[in-house]
Amino acid sequence: MSAILDISIVGGPLLYVLYGVTAAVLIALSVRRYRSPLVVASLTAVLGGAAVGWMISWLVSDVWDLFGVSLSTTTRLWATGCCAALALVGVIIVAGTRWRRIVAIVAVPLLLLSAAGGVNADFGQFTTVRTALGLPTYDSLAAATASSPDSVTGVVGTVTIPATTSGFPARSALVYLPPAARRANPPDLPVVEMLSGQPGSPADVFTAGHLATILDSYAAGQGGVAPIVVVPDQLGAPDLNPMCVDSDLGNSASYLTVDVPKWIRSHLHVAAGPDSWAIAGFSQGGTCSIQLGAAHPEIYGTVLDISGELAPQNGSVPHTITAGFAGDAAAYAAAAPVAVLGTHAPYANLTVIVAVGGDDTRYLPWAQAVVAAAHTAGANTHLLVSPGTAHDWHTVQYAWTQALPLIAVSTGLPGT
């Protein structure tokens, strides 16, 4: 059963078989002699369905902005193609022969599954059947370490980080320990607080972001040395967004900057001082990383902002101000990363790395604005643009692969 649950659904045999079966069913429905009226009806339905699919994508992405990101061209094409095919199937269900109607009905779930699989592969959110079903992926850190005593590779496990000061209702966190941290006398290593996006969970960083694989690969070339990565929960639940500030939505900022660092220092062999600490994140987590990293140079000396927003966002701007800032528009404006950077300038020793997908038309200008503000504030800045990716986990994988050597240098990783 475990082998089935761990089958990849962003590539590989399962996805390609699904595509192939769906294509075969559509071909079987299409290849026949049609009466002229039925041909016209089918072509009209296909063109109309394609137009509807493209329009829905445009409305969802560019008008209603339901997800807070611009849908990629690949995702829009999947929606367009799916609607066009469904329209053809609808014509056959109404006007086809009995056996064709049966095949057409079977085609409906296949089309929906194929489109969902294509969109998911484009975004990279659910990598296996297990993650798609929301099943637990990782054991506790203690159990994971005990079950893998060999220190040749890193290990990932869950931990509980109590919200002693903040009272924030955080879910379990995840910790990556590189091989060097698992030795009998481990060195004090740099640490990175990494934050997932919203909606999401700490596990996404490893399941969708493949962070453990990236870190293991880096450590293999550095004698087992890599940063320790702690992934706390900054949300409280997948559908919540306290925006990494202290408010009626929860004291997320205090949890991340007080409770989490305190737990790290008392439980892990980490280097002291901001020069060895970094904070990173993707999307909403990217916004949090630059907000908190820029506001707390006494804790963090390095920031990795992957596709972060230009300002905290929880729905519309008026709702954001009301929900997260008690109606104080000035407080909301002051929480924007560019404003935080300006307030705390000049920085004596802050490295800001901003990464974004090259096809992410909305977030690319925001990334450039943050880099410019960080540079003006005196930070050591880097802009990484992931070619051919958008607001997705492929961008996260590129960002971490490219940023890891920079983080190693800025945090003083042993051997760099």
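Our subject is the structure that appears above.
Residues numbered from 1 in each chain as written. Predicted model: local features only at pLDDT ≥ 70, side-chain atom pairs only at ≥ 80, totals over all residues. Heavy atoms only, no water.

Novice: Provide a residue-level description of the overall build of the protein chain, including the pertinent values.
Specialist: Along the protein chain, the regular secondary structure elements total 16 helices and 10 strands. Its C-alpha atoms give the protein chain a radius of gyration of 24 Å, within 12% of the compact-globule value 22 Å for 416 residues. The dimensions of the protein chain, computed from C-alpha atoms along their principal axes, are 80 × 55 × 35 Å. (Helix = DSSP H or I, 4+ residues; strand = E, 2+ residues; numbered from the N terminus. Rg over C-alpha atoms; globule rule 2.2 N^0.38 Å.)

Novice: Would you mind going over the nonpolar core in detail, with residue names and values included?
Specialist: By size, the foremost hydrophobic cluster in this structure holds 85 residues, and its most contacted members are Met 194, Ile 228 and Trp 400. It is helix α16 (residues 393–410) that contributes the most residues to this core, 8 residues altogether. Leaving out residues up to four positions away in the same chain, Met 194 has contacts with Val 205, Leu 211, Val 229, Val 230, Val 231, Pro 232, Ala 280, Gly 281, Phe 282, Ile 306 and Trp 400. The next biggest cluster of nonpolar side chains, apart from the first, holds 11 residues, and it includes Leu 29, Ile 92, Ala 104 and Leu 111. (Core = buried A, V, L, I, M, F, W, Y, C linked by side-chain atoms within 4.5 Å. Buried < 20%, exposed > 50% of the residue type's maximum accessible area, 1.4 Å probe, protein only. Contact = heavy atoms within 4.5 Å.)

Novice: Lay out the pattern of salt bridges in plain terms, naming residues and giving numbers.
Specialist: Between side chains of opposite charge, a pair can form when the charged atoms approach closely. On inspection of all chains with the given rule, the structure shows 4 salt bridges. For Arg 130, the salt bridge is made with Asp 6, and the minimal N-O distance between the two is 2.9 Å. Here Arg 130, found in helix α6 (residues 129–132), pairs with Asp 6, found in the loop between α1 (2–5) and α2 (13–30); they are 124 residues apart in sequence, far enough to count as distant. Overall, the relative accessible area of 40% leaves Asp 6 in the partly exposed class. Across the pair Asp 65 and Arg 362 runs a salt bridge whose closest N-O atoms are separated by 2.8 Å. Of this pair, Asp 65 sits in the loop between α3 (36–63) and α4 (73–95) while Arg 362 sits in the loop between β9 (351–357) and α15 (363–376); the two residues are 297 residues apart in sequence, bridging distant segments of the chain. (Salt bridge = Lys/Arg side-chain N within 4 Å of Asp/Glu carboxyl O.)

Novice: Hey, could you go over the sheet that holds strand β2 (residues 173–177) for me, with residue numbers and the actual values?
Specialist: Strand order in the open sheet formed by 8 strands is β1-β2-β4-β3-β7-β8-β9-β10, with mixed pairing between adjacent strands. Either end of the sheet is taken by a strand with one partner, and the two such strands are β1 (155–159) and β10 (380–386). Strand-to-strand twist in this sheet, taken as the mean axis angle between neighbours without regard to direction, amounts to 15°. Strands in contact with helix α9 (residues 211–220) are β1, β2, β3 (191–195) and β4 (228–231); relative to β2, the strand with the most contacts, it is inclined by about 20°. Strand contacts of α16: β3, β4, β7 (277–282), β8 (302–306), β9 and β10, with the helix running at about 165° to β8, the strand carrying the most contacts. (Pairing = 2+ DSSP bridges. Axes fitted to C-alpha atoms, helices over the stretch in contact; angles between N-to-C directions.)

Novice: Account for the packing of α2 against helix α5 (residues 98–123), naming residues and giving values.
Specialist: Running from N to C, α2 and α5 cross one another at 145°; their axes reach a closest spacing of 9 Å. At the point where α2 passes α5, the crossing takes the left-handed sense. Touching Leu 15, Leu 18, Tyr 19, Val 21, Thr 22, Val 25, Leu 26, Ala 28 and Leu 29 of α2 are Trp 99, Arg 100, Val 103, Ala 104, Ala 107, Leu 110, Leu 111, Leu 113, Ser 114, Gly 117, Gly 118 and Ala 121, all from α5. (Left-handed = near helix turned anticlockwise from the far one by under 90°.)

Novice: Go over the pairing of β4, please, and point to the residues and values.
Specialist: Residues Ile 228 and Val 230 of β4 are buried on one face, and the alternating residues Val 229 and Val 231, pointing to the opposite face, are buried as well. Across 3 bridges, β2 lies against β4 in antiparallel orientation. The residue of β4 that forms the bridge with Leu 174 is Val 231. Examined bridge by bridge, β3 and β4 share 3 bridges and lie parallel to one another. Among the inter-strand pairings, Val 192 is bridged to a residue of β4, identified as Val 229.

Novice: Which residues make up a nonpolar patch on the surface, and what values do they have?
Specialist: There is a patch of nonpolar side chains on the surface, built from Trp 54, Met 55, Trp 58, Val 63, Trp 64, Leu 66, Phe 67 and Leu 77 and spanning about 920 Å² of accessible area. At 4 residues, the largest contribution of residues to the nonpolar patch is made by α3. The topology assignment puts Val 63 in helix α3. (Patch = residues over 30% accessible without salt bridge, like charges linked within 9 Å, V, L, I, M, F, W, Y side chains within 5 Å. Areas by Shrake-Rupley, 256 points an atom, 1.4 Å probe, with all protein chains shown as cover.)

Novice: Give a description of helix α12 (residues 317–325) that names residues and reports values.
Specialist: Within the span of α12, buried status applies to Thr 320, Ile 321, Ala 323, Gly 324 and Phe 325. Elements that come into contact with the buried residues of α12 comprise β5 (246–247) and α13 (329–334).

Novice: Tell me about the state of the cysteines, and name the residues and values.
Specialist: Taken as a whole and judged by the stated rule, the model has 1 disulfide. Considering cysteine sulfurs only, Cys 83 is the nearest to Cys 82, which forms no disulfide, with 5.7 Å between them. For Cys 82, a relative accessible area of 11% puts it in the buried group. Looking at Cys 83, the relative accessible area reads 21%, which means it is partly exposed. (Disulfide = S-S within 2.5 Å.)

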